[in-house]
Amino acid sequence: MTVQPFVSPDLIRQRFSKAMSDMYREEVPLYGALMDLVEKTNRNVLTHQPDVAEQLKRTGETERLDMERHGAIRVGTAAELATLARLFAVMGMQPVGYYDLTPAGVPVHSTAFRAVHEEALQISPFRVFTSLLRLELIEDSELREFAESVLAQRSIFTDAALRLIAQAETAGGLNEADAAEFVLQALETFRWHHSATVTAAQYQRLSAQHRLIADVVAFKGPHINHLTPRTLDIDAVQEQMPAHGITPKAVIEGPPRRNCPILLRQTSFKALDEPITFTDQYESRGSHSARFGEIEQRGAALTRKGRALYDRLLNAARDELGDFPNEANAARYNALMTQHFAEFPDNIDGMREQGLAYFRYFATEKGLAARGRGESSLEDLLRVGYLKAEPLVYEDFLPVSAAGIFQSNLGDAAQTHYGEHSNRQAFEQALGRATIDELALYAETQQRSIKECAEALGINLT
Ligand code: OOG
Ligand code: NI
């Protein structure tokens, strides 16, 4: 008997991401339109901005650009979250970061499942922002118990998916045929369902408590609610969306436009109103809005210090605006953001010297030619041109931006205030493991690149 080799988890993730994109494109045609627009814009940037093209080539991001996307789902129980963690692990995706959305009036906390090593990210940077509903925040105990009982009855994974997850865990991987079957079976969990699992009246009660609660509780599974391609010029896409029949939200979330992009900028189009049926009404239909489209532009991963500066400037701009950004105050918001962010150095050297971002180092031709010249410091090598630094791309999410995206889709101006906030411990208990600190991952990647440079130059790097 010949032993069939396992397919690498990175390749399973790459295939799954493609399968998910194909499914979503078929189900939500506007996503396809957005993808086309993003692709055209990216091509334009790569043609007309040679410095950007050069930088992406150096960091290897050119190859991953076209397949780069993230999605989002929301689950209802600890058991669902824990099994999802196992499902994602088959694809080499780990829970990174903890995001608390309650300050924004959204009763969930979240993590992002993604690859953690730079080489794995290179094969597929696919991420899934995954939120767990916090039913304990529903004050109406009768409604809470109803929601719990509905969730207790559903099973969001196919039997075959569960079997393949267990098999991958026991055997240490999946062979070609099993990996292909796994992708198909896993996809089922994220599919849209046209029929709710509750009556019209029950749906109304859940929705009246919070639209997000109805979205999680009233359906058979955690439908993927958006898939986000990565663009190299989000302002250009935002501007062209209306001409392509897509209406964007009022403002771009995240930092303002800069020469040297940082973190993450995002914009979305509003959730579609889609027809659904209820268990007691086969003929007459209701509607549910959950699925939307989003695009993002990614920039440098910031250190704790850089992030603190980002948060301070963002809060200062928002405080001065005195309201949530919306259609009416969008121009003022953008002006305030630009004004406040003038304090954040907008060049690679400035960000590096002040310790605001993480970097990857590359040995230059000149450096390689001078190989073996004893000891040196990073600073010296950069100064003499033996090394070059490029910022590490931010692979994660931003809670304030996520809240803005949630809100623009919930469409509800009314803010809910929850007494209880962040509860990472409860989230990790539900997840069945700890979440990974994203800053530690960036620091490790940076350290590995320094070590590689030292080896390439044949020196001790101090
Ligand atoms: C998730 C919203 C957060 C992002 O890109 O920040 C998100 C959701 O609506 O479920 O996807
Ligand atoms: Ni998103």
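Below, the structure is looked at part by part. Since we're looking at a predicted model, the values are computed, not measured. Going along each chain's sequence as written, the residues are numbered from 1 onward. Written order determines the labels here, with chains lettered from A and ligands numbered from 1. Only residues with pLDDT of 70 or above have their local features reported here, since the model is predicted, and side-chain atom pairs are shown and tallied only from 80 upward, although totals for entire chains, interfaces and linings are computed over all residues. Only hydrogens and water are set aside when side-chain values are computed; all heavy atoms of the structure are taken into account.

Looking at the pattern of salt bridges
Within this document, salt bridges are pairs made up of a side-chain nitrogen of Lys or Arg and a carboxyl oxygen of Asp or Glu, the two lying within 4 Å of each other. Summed over the entire model, instances satisfying the criterion amount to 39 salt bridges. The salt bridge involving Asp22 is made with Lys18; its shortest N-O contact spans 2.9 Å. Of this pair, Asp22 and Lys18 both sit in helix H1 (residues 9-27), separated by 4 residues, roughly a single helical turn. Throughout, exposure labels follow a simple rule: accessible area from a 1.4 Å probe, protein chains only, divided by the maximum for the residue type, with under 20% read as buried, over 50% as exposed, and the rest as partly exposed. Given a relative accessible area of 48%, Lys18 falls into the partly exposed group. Arg64 is the partner of Glu395 in a salt bridge, and the nearest nitrogen-oxygen pair spans 3.1 Å. Think of it this way: any DSSP run of H or I at least four residues long counts as a helix, any run of E at least two long counts as a strand, and we number them from the N terminus.

A few points about the coordination of the nickel ion (ligand 2)
Ligating atoms shown are N, O and S within 2.8 Å of the metal, or 3.2 Å for Na, K and Ca, and water is not included, meaning a site may look less than complete. Distances from the nickel ion (ligand 2) to its protein donors, His70 (NE2), His226 (NE2) and Glu294 (OE), fall at 2.1 Å. If you list the donors of the nickel ion (ligand 2) from N- to C-terminus, the spacing comes out as H-x155-H-x67-E. Placement of His70 in strand E1 (residues 69-75) and of His226 in strand E5 (residues 226-229) is noted, with a sequence separation of 156 residues between them. The class for His226 is buried, based on a relative accessible area of 5%.

Here's the deal with the side chain of Glu296
Tracing the sequence through the fold places Glu296 in strand E9 (residues 293-298). A polar contact of 3.0 Å, which involves the side chain of Glu296, links it to the side chain of His70. In this structure Glu296 touches His70, Arg127, Thr228, Pro229, Arg230, Thr231, Ile234, Leu264, Arg265 and Gln266, once residues within four positions along its chain are discounted. A 3.5 Å cut-off defines polar contacts: any pair of N or O atoms within that distance qualifies, except that in protein one atom must be a possible hydrogen donor and the other a possible acceptor, and neighbouring residues in sequence count only when both atoms are side-chain atoms. Two residues form a contact once any of their heavy atoms are found within 4.5 Å.

Some points on the site of ligand 1
By nearness alone, every residue bordering ligand 1 is listed as His70, Ala72, Arg74, Phe129, Asn225, His226, Gln266, Glu294, Phe397, Ala402 and Phe406. In the environment of ligand 1, an oxygen atom lies 2.8 Å from a nitrogen or oxygen atom belonging to the side chain of Gln266. Summarising the interface, the protein chains cover 100% of the accessible area of ligand 1, which totals 310 Å² for the free molecule. In a pocket analysis with a 2 Å cut-off to the grid points, ligand 1 is assigned to the second largest cavity. The biggest single contributor to the shell around ligand 1 is E1, with 3 residues. Nearness of a residue to a molecule or strand requires only that one of the residue's heavy atoms be within 4 Å of it. Using the Shrake-Rupley algorithm and a 1.4 Å probe, accessible areas are obtained, with residue cover drawn only from the displayed protein chains. In this analysis the probe radius is 1.4 Å and the grid spacing 1 Å, with only protein atoms considered; a cavity is a set of points the probe fits into but cannot get out of, a pocket is an open set with protein on both sides within 12 Å along at least five of seven lines, and lining residues have an atom within 4 Å of a point. Pocket occupancy is defined atom-wise: a molecule lies in a cavity or pocket when more than half of its atoms are within 2 Å of its grid points.

Overview of the packing of H1 against helix H2 (residues 29-48)
When two helices pack together, their arrangement is given by the angle between their axes and by how far apart the axes lie. With axes taken as lines fitted to C-alpha atoms, and helix axes fitted only over the stretch in contact, angles between N-to-C directions fall between 0 and 180 degrees. The N-to-C vectors of H1 and H2 enclose an angle of 115°; their axes lie 5 Å apart at closest approach. Along the contact surface, H1 presents Ser21, Tyr24, Arg25, Glu26 and Glu27, while H2 presents Pro29, Tyr31, Gly32, Met35 and Asp36. Three categories are distinguished: nonpolar for Ala, Val, Leu, Ile, Met, Phe, Trp, Tyr, Cys and Pro, charged for Asp, Glu, Lys and Arg, and polar for the others, with Gly belonging to the last. Split by residue class, the contact of H1 with H2 holds 4 nonpolar, 2 polar and 4 charged.

Describing empty space enclosed by the protein
Grid points are joined across faces, edges and corners, and a volume is the space filled by probe spheres set on the points. Applying the stated criterion to the full structure yields 4 cavities of 30 Å³ or more. Taken as a whole, the largest cavity encloses approximately 190 Å³ of empty space. Along the walls of the largest cavity sit 16 residues, with Glu118, Leu392, Val393, Glu395 and Thr445 positioned nearest its centre. Mapped onto the lining of the largest cavity, the elements with two or more residues apiece are helix H4 (61-65), helix H6 (118-123) and helix H20 (438-457). Of the residues that constitute the lining of the largest cavity, the class distribution is 7 nonpolar, 3 polar and 6 charged.

A short note on the nonpolar core
The nonpolar side chains of a soluble globular protein tend to be buried with one another. Grouped together as the largest cluster of nonpolar side chains are 77 residues, with contacts concentrated most on Leu101, Tyr310, Phe344 and Met351. Considering every element that reaches this core, the biggest residue donor is helix H13 (residues 304-321), with 6 residues. Leave out the neighbours within four places in its chain, and Leu101 touches Val106, Val108, Ser110, Phe129, Pro399, Ala402, Ala403 and Phe406. Throughout this description, the term nonpolar core refers to a set of buried Ala, Val, Leu, Ile, Met, Phe, Trp, Tyr and Cys residues connected via side-chain atoms within 4.5 Å. Counting 42 residues, the second-largest nonpolar core is a separate cluster that includes Met20, Phe126, Leu132 and Leu227.

Some remarks on H2
Its 20 residues give H2 an end-to-end C-alpha distance of 29 Å, which sits within 8% of 28 Å, the value for a rise of 1.5 Å per residue. Those residues of H2 that sit buried are Tyr31, Gly32, Leu34, Met35, Leu37, Val38, Thr41, Asn42 and Val45. Helix span is expected to be 1.5 Å times the residue number reduced by one.

So, helix H8 (residues 159-171)
Along its 13 residues, H8 runs 18 Å from first to last C-alpha, staying within 8% of the 18 Å computed at 1.5 Å per residue. Every buried residue belonging to H8 is among Ala160, Ala161, Leu164, Ile165 and Ala168, and all of these are buried. Along the axis of H8, the buried positions cluster into a sector of 140°, meaning they face one direction only. Exposed side of H8, more than 90 degrees from the buried face: Asp159 and Thr170 are the residues found there. At its buried positions, H8 is contacted by helix H5 (78-90) and helix H9 (176-189). Just downstream of H8, Gly172 is the residue with a positive phi angle, here 95°. Think of the arc as the fan of directions from the helix axis to the C-beta atoms.

Considering the layout of surface pockets
Considered as a void within the structure, the largest pocket measures approximately 1000 Å³ in volume. Considering the residues around the largest pocket, the lining is formed by 40 residues, among which Pro399, Val400, Ala403, Gly404 and Gln407 are closest to the centre. By residue number, the principal contributor to the lining of the largest pocket is helix H18 (residues 399-410), which donates 6 residues. Across the lining of the largest pocket, the residue classes tally to 19 nonpolar, 9 polar and 12 charged. Lining the second largest pocket are 31 residues, with Val52, Gln55, Asn259, Cys260 and Pro261 sitting closest to its centre. For the lining of the second largest pocket, the element with the highest residue contribution is helix H3 (residues 50-59), accounting for 5 residues. Taken together, the residues of the lining of the second largest pocket break down into 14 nonpolar, 6 polar and 11 charged.

Quick look at the sheet that holds strand E2 (residues 94-100)
When DSSP finds at least two bridges between two strands, those strands are taken to pair. Here 5 strands make up an open sheet; going across it, the order is E2-E3-E4-E1-E5 and the pairing mixed. The open sheet has two free edges, formed respectively by E2 and E5, since each of these has just one partner strand. Across the sheet, the axes of successive neighbouring strands diverge by a mean angle of 20°, strand direction being ignored. As judged from the 6 bridges shared by E1 and strand E4 (residues 127-133), these two strands associate in the parallel manner. Bridge pairing in E4 links Gly71 to Val128.

Scope: geometric values only; no functional claims are made or implied.
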